[in-house]
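# A structural walkthrough
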Amino acid sequence: MIKDIVKQLDPLPPKSKLIIFGGGFSGQRIASVGRHLGSQVLCSRREKNSAGADFVFDSDKEVSIDILNGATHVLSCIPPLLSGEDPVLNQLKTQLLNSKNLKWVGYLSTTGVYGDTKGEWVNENTSPNPQQERSVRRFACEKQWLETNLPVQILRLPGIYGPGRSAFESLLKGTTKMVDKPGQVFSRIHVDDIAGAVLFLINLYSQGKNPSVVNVADNLPTNNLEVIAFAAKIAKKSLPSKVPFEIAKETMSPMALSFWQENRKIDNKLLCKTLGYSLIYPNFKSGLKNCFSQLKMN
Ligand SMILES: NC(=O)c1ccc[n+]([C@@H]2O[C@H](COP(=O)([O-])OP(=O)(O)OC[C@H]3O[C@@H](n4cnc5c(N)ncnc54)[C@H](OP(=O)(O)O)[C@@H]3O)[C@@H](O)[C@H]2O)c1
C-alpha cells in the first residue's frame, strides 16, 4: 500500500521536480510515491499512449530538451543500449551538465555487475566483475553516469518483484517451473522498497549522506523452490514436480540460463543499517503476502 511507503518518508524539499526516464514497473511506483509526498514528478515512456506517460522519451527518437527545465532530481530506470551507451546520457548529457538546479541524479542498475561469487555475499566494496554481456554494458553505464561528476547515486537492484510480477502469475497460469539447483540462491527486492529507498536516499543525499553506490535488496536471499512453495501454499495451488537444473537448462532461454549461471547474496547493510532505511518487505514471505493481497483485489 502506498500509505505504508509514504508514512516512513519525509517529503522532498518544496518545489522539487523529479524527472523519471523509464516509467515502467519501478518507475511508475517511484513516481506515485513521489507524488504522494507532494512533489511534481514526470515520467517517460516510449509511446505517448502508454499508461503513465507524462512525456515521450525513446532512445531512437529525438527528445524535447526542455524536459529538464526546472528539474531538481533525475532518475533513469532505462537499461543500457546494445552499444553499451546509456540512452539518457546519449541524448541529454549536455543539458544535464548545464542544469543548475540538480540536487540528485539516480541510476537504477543491477547487482548483475558483481558477477558470480559462488553464493558468497557481496557489498558495495566488492569489486564488480560482470560476466554476462548485459552486465558488462550495465557496468559501463554506471561508469558513464559517475564520470559526469553530477550528484550521481547508483542503486544496484537484484530481481524485482511486486504485485503483478511475482511467483503467483506463473502459478495461476500453470507455467511454474520447479528448477532444482541445490545451493543456488537469488536476492530480490519488492518494488515498494525500490520506491521507498529512492525517496529515502534522495533526502539523505542532501544531508551529505551520499554514497555513490547503494545495494537495494531485501534481507533474505533464497532458493527459488522455497519462494515458489511459499507462494503455492498461500494460493492453495499444488506444486509441479521438481526438475533438476541439468535437465531444465536444456529448454531455458539464453536469458533465463544466464540468471542461473550466477549465484550471489546481496548485502544490504549500507542501506538498512548505516543509512537507516527500514524495509517494508524484509523478505519474500512478507512481500509475497502483499502481492497475493493485491491479486485478490483485481
Ligand atoms: N526486472 C528486474 O528484475 C531487474 C532487476 C535488476 C535491475 N533491473 C533494471 O532496473 C531498471 C528498472 O527495472 P523495471 O523492471 O522497473 O523496468 P521496466 O518495467 O522494464 O521499465 C523499463 C523502462 O525503460 C524504458 N525503456 C526501455 N528501453 C528504452 C529505450 N531504448 N528508450 C527509452 N526508454 C526505454 C521502458 O519504456 P516503456 O515504458 O515505453 O516500455 C520502461 O519505461 C531497468 O533498468 C532494469 O533493467 C531490473
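Counting of residues starts from 1 at the beginning of each chain's written sequence and follows it residue by residue. Owing to the predicted nature of the model, reporting of local features is limited to residues with pLDDT of at least 70; listing and counting of side-chain atom pairs is limited to 80 or more, with chain, interface and lining totals taken over all residues.

### Details of the confidence of the model for the protein chain
The condition that has to hold: One confidence number per residue, pLDDT, is output by the predictor and ranges from 0 to 100. Labels follow the DSSP assignment, with helices taken as runs of H or I lasting at least four residues and strands as runs of E lasting at least two, numbered in each case from the N terminus.
Per-residue confidence for the protein chain averages 96 on the pLDDT scale, and 99% of its residues sit at or above 70. When mean pLDDT is compared element by element in the protein chain, strand S11 (residues 213-215) scores highest at 99, while helix H1 (residues 2-6) scores lowest at 90.

### Thoughts on unusual backbone geometry
For the record, the criterion: Residues with at least 20 other C-beta atoms within 10 Å of their own are called buried, those with 12 or fewer are called exposed, and the rest are partly exposed. The C-beta atoms themselves are positioned from the backbone.
Notably, Lys118 is not glycine yet its phi reads approximately 55°, a positive angle. With respect to the helices and strands, Lys118 occurs in the loop between strand S5 (104-110) and strand S6 (121-122). Positive phi values are uncommon outside glycine, yet Asn149 reaches one of about 65°. As for its position among the elements, Asn149 is in the loop between helix H4 (133-146) and strand S7 (152-157). Residue Asn149 is classed as exposed on the basis of its 8 C-beta neighbours within 10 Å.

### A closer look at the site of the ligand
Heads up, the rule is: For each residue, a C-beta atom is positioned from the backbone; the residue is called near a molecule or strand if that atom sits within 6 Å of it. In this classification, the charged set is Asp, Glu, Lys and Arg, the nonpolar set is Ala, Val, Leu, Ile, Met, Phe, Trp, Tyr, Cys and Pro, and all remaining amino acids, among them Gly, are polar.
Among the 22 residues in the neighbourhood of the ligand, the closest are listed as Gly22, Gly24, Phe25, Ser26 and Arg46. Elements with a contribution of two residues or more to the shell around the ligand: helix H2 (25-36), S5 and strand S8 (159-161). For the shell around the ligand, the leading source of residues is H2, giving three residues. Grouping the amino acids of the shell around the ligand by side-chain chemistry returns nine nonpolar, nine polar and four charged.

### Side note on the sheet that holds strand S2 (residues 40-45)
The pairing of strands in a sheet comes from backbone hydrogen bonds and takes either a parallel or an antiparallel form. Rules: A pair of strands is treated as paired once DSSP finds two or more bridges between them. The contact rule is simple: place each C-beta atom from the backbone, and if two of them lie within 7 Å, those residues are in contact. Structural elements are reduced to axes, namely lines fitted to C-alpha atoms, with helices fitted over the stretch in contact, and the angle between N-to-C directions of any two is expressed from 0 to 180 degrees.
Ordered by their spatial adjacency, seven strands build an open sheet running S3-S2-S1-S4-S5-S7-S11, and the pairing between neighbours is parallel. At either end of the open sheet lies a strand with only one pairing partner, and these are strand S3 (55-56) and S11. Two elements, S2 and S3, share two bridges in a ladder whose sense is parallel. Its bridge partner being in S3, Ser44 is matched across the sheet by Phe55. Here H4 sits on the sheet and contacts S5 and S7; the angle it forms with S5, its principal contact strand, is near 170°. Each of strand S4 (73-76), S5, S7 and S11 is contacted by helix H6 (residues 191-205), which is oriented at about 155° to S7, the strand it contacts most.

### A look at helix H3 (residues 87-98)
Note the threshold: Here, the arc refers to the directions that run from the helix axis to the C-beta atoms.
Within H3, the full set of buried residues consists of Pro87, Val88 and Leu92. End-on, the buried residues of H3 take up no more than an arc of 55°, which puts them together on one face. Turned more than 90 degrees from where H3 packs its buried face, Asn90, Thr94, Leu97 and Asn98 sit exposed. Residues of H3 that are buried make contact with strand S1 (17-21) and S4.

### Observations concerning the packing of H2 against H6
Counted only if it meets this: In this scheme, roughly parallel covers angles under 35 degrees and roughly antiparallel covers those over 145, while 65 to 115 is roughly perpendicular and the rest are oblique. We call a crossing left-handed when the near helix sits turned anticlockwise from the far one by less than a right angle, and right-handed when that turn is clockwise.
Interhelical geometry of H2 versus H6 gives an angle of 55° and a closest axis separation of 9 Å. Put simply, H2 runs oblique to H6. By crossing handedness, the relation of H2 to H6 is classed as right-handed. Note on element contacts: H6 touches H2 through Val191, Asp192, Ile194, Ala195, Gly196, Val198 and Leu199, opposite Phe25, Ser26, Arg29, Ile30, Val33 and Gly34. Looking at the contact of H2 with H6 residue by residue, the class counts come to eight nonpolar, three polar and two charged.

### Overview of the environment of Glu133
Secondary-structure assignment places Glu133 in helix H4. A count of 11 C-beta atoms within 10 Å places Glu133 in the exposed class. As for Glu133 and Leu18, which are separated by 115 residues in sequence, their C-alpha atoms are 31 Å apart.

### A few points about the pairing of S1
Using the following cut-off: By convention, orient the strands away from the viewer: a clockwise path from the first strand over the helix to the second makes the crossover right-handed.
The element S1 is extensively covered by neighbouring structure, given that four of its five residues are classed as buried. Relative to S2, S1 runs parallel, the two being bridged by four bridges. In the strand pairing of S2, Leu18 is matched with Val41. A crossover links S1 with its parallel partner S2, the connecting element being H2, and its sense is right-handed.

### Quick word on the nonpolar core
Rules: Joined through C-beta atoms within 7 Å, a set of buried Ala, Val, Leu, Ile, Met, Phe, Trp, Tyr and Cys residues constitutes a nonpolar core.
By size, the foremost hydrophobic cluster in this structure holds 56 residues, and its most contacted members are Ile20, Ile194, Ala197, Val198 and Val216. In this view, Val216 contacts Leu155, Arg156, Leu157, Ile189, Asp193, Ile194, Ala197 and Leu271; residues no more than four positions away in its chain are not counted. Grouped together as the second largest cluster of nonpolar side chains are eight residues, Ala167, Phe168, Phe284 and Leu288 included.

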